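Results of the structural survey
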Amino acid sequence: MASAKVFIRADVLEELSAYARSKWPQEACGFLFGCLDGTVGLVTVDRFDNSDRTDRSLCCLECAEHQPAPVVTRFVPVDNAARRTDRQFHMEPGQMIRALYEHPQLQLLGIMHSHPSAAPEPSAADVGTLWGSYVTHWIVSVTSDGIADVRAYRFRRQDAFTISEQLEIHHCPP
Ligand SMILES: [Zn+2]
């Protein structure tokens, strides 16, 4: 089976990469907003394959031709409030809630966090996250020299386990 796709505006990809780089050697985190089917709200894995996509009026027009696939058009950084920010992230609650309510016109497509000096593979903690049903999980691997790799995944339940599937990242023009 071919991998599922996700689109991201090239400038947004650069923005989240630069943010992760600026936070090294701490883990960075934030939200990704955009559109899946033009409706407002939270998009979960269930809707990745089954959205009705009848209203694309809120989607990025340049990307409309790429549908059906999630299109990320906005990155919102959130401070990392974890005790050990070099090895875990907990989104700062006040900023997290503000971010969720400040973008009612966009869908929350997923979250990103960085792995300072580590591979962009989901850890056991990542796969077990409460955010698991979000449609995309972005992991930015950062080294002291800059960005090593950006990958996107979706997590889904299979039997008693949560599995991660890597998504194909496509860029759209800014
Ligand atoms: Zn992680």
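In the block above lies the structure referred to throughout.
Only a predicted model underlies this, so the values are computations on that prediction, with no experimental measurement involved. (Residues numbered from 1 in each chain as written. Predicted model: local features only at pLDDT ≥ 70, side-chain atom pairs only at ≥ 80, totals over all residues.)

**Some points on the environment of valine 142**
Note that valine 142 resides in strand E6 (residues 136-143). Take valine 142: there are 27 C-beta atoms within 10 Å of it, and that puts it in the buried class. When the C-alpha positions of valine 142 and alanine 118 are compared, they lie 7.2 Å apart, and in sequence the two are 24 residues distant. Those residues in contact with valine 142 that sit more than four places away from it in its chain are Ala20, Arg21, Trp24, Ser114, Pro116, Ile147 and Ala148. (Helix = DSSP H or I, 4+ residues; strand = E, 2+ residues; numbered from the N terminus. Buried ≥ 20, exposed ≤ 12 C-beta atoms within 10 Å, placed from the backbone. Contact = placed C-beta atoms within 7 Å.)

**A word on the pairing of strand E2 (residues 29-35)**
For E2, the tally of buried residues reaches seven of seven residues, placing the bulk of the element in the interior. For E2 and strand E4 (residues 71-78), the ladder comprises seven bridges, and the chain directions are antiparallel. Considered in E4, the bridge of leucine 32 is made with phenylalanine 75. Across six bridges, the pairing between E2 and strand E5 (residues 107-116) is antiparallel. (Pairing = 2+ DSSP bridges.)

**Side note on the nonpolar core**
Residues Leu32, Val72 and Leu109 are the most contacted members of the largest nonpolar core, which totals 38 residues. For this core, the secondary-structure elements that each account for two or more residues are strand E1 (5-9), helix H1 (10-23), E2, E4, E5, E6, strand E7 (146-158) and strand E8 (161-172). Residues within four places of leucine 109 in sequence aside, it is in contact with Leu32, Phe33, Gly34, Leu36, Val43, Pro70, Val72, Val135 and Thr136. (Core = buried A, V, L, I, M, F, W, Y, C linked by C-beta atoms within 7 Å.)

**Focus: H1**
Taking 1.5 Å of rise per residue, 14 residues should cover 20 Å, and H1 covers 20 Å from first to last C-alpha, within 8% of that figure. Residues of H1 that are buried include every one of Val12, Leu13, Leu16, Ser17, Ala20 and Lys23, and no others. Down the axis, H1 shows its buried residues gathered within 135 degrees of arc, on one side only. Those residues of H1 that are exposed and angled more than 90 degrees off the buried face are Ala10 and Ser22. (Expected span 1.5 Å × (residues − 1). Arc of directions from axis to C-beta.)

**Examining unusual backbone geometry**
A cis amide bond, omega 5 degrees, links tryptophan 24 with the succeeding residue proline 25. Note that proline 25 resides in the loop between H1 and E2. Phi is positive for serine 117, which is not a glycine, with a value near 55 degrees. Position of serine 117 relative to the elements: it lies in the loop between E5 and helix H4 (124-127). Its 13 C-beta neighbours within 10 Å are what place serine 117 among the partly exposed residues. At aspartate 159, a residue that is not glycine, the phi angle is positive and equals roughly 55 degrees. Among the structural elements, aspartate 159 can be located in the loop between E7 and E8. Residue aspartate 159 is classed as exposed on the basis of its C-beta count, with 6 C-beta atoms lying within 10 Å.

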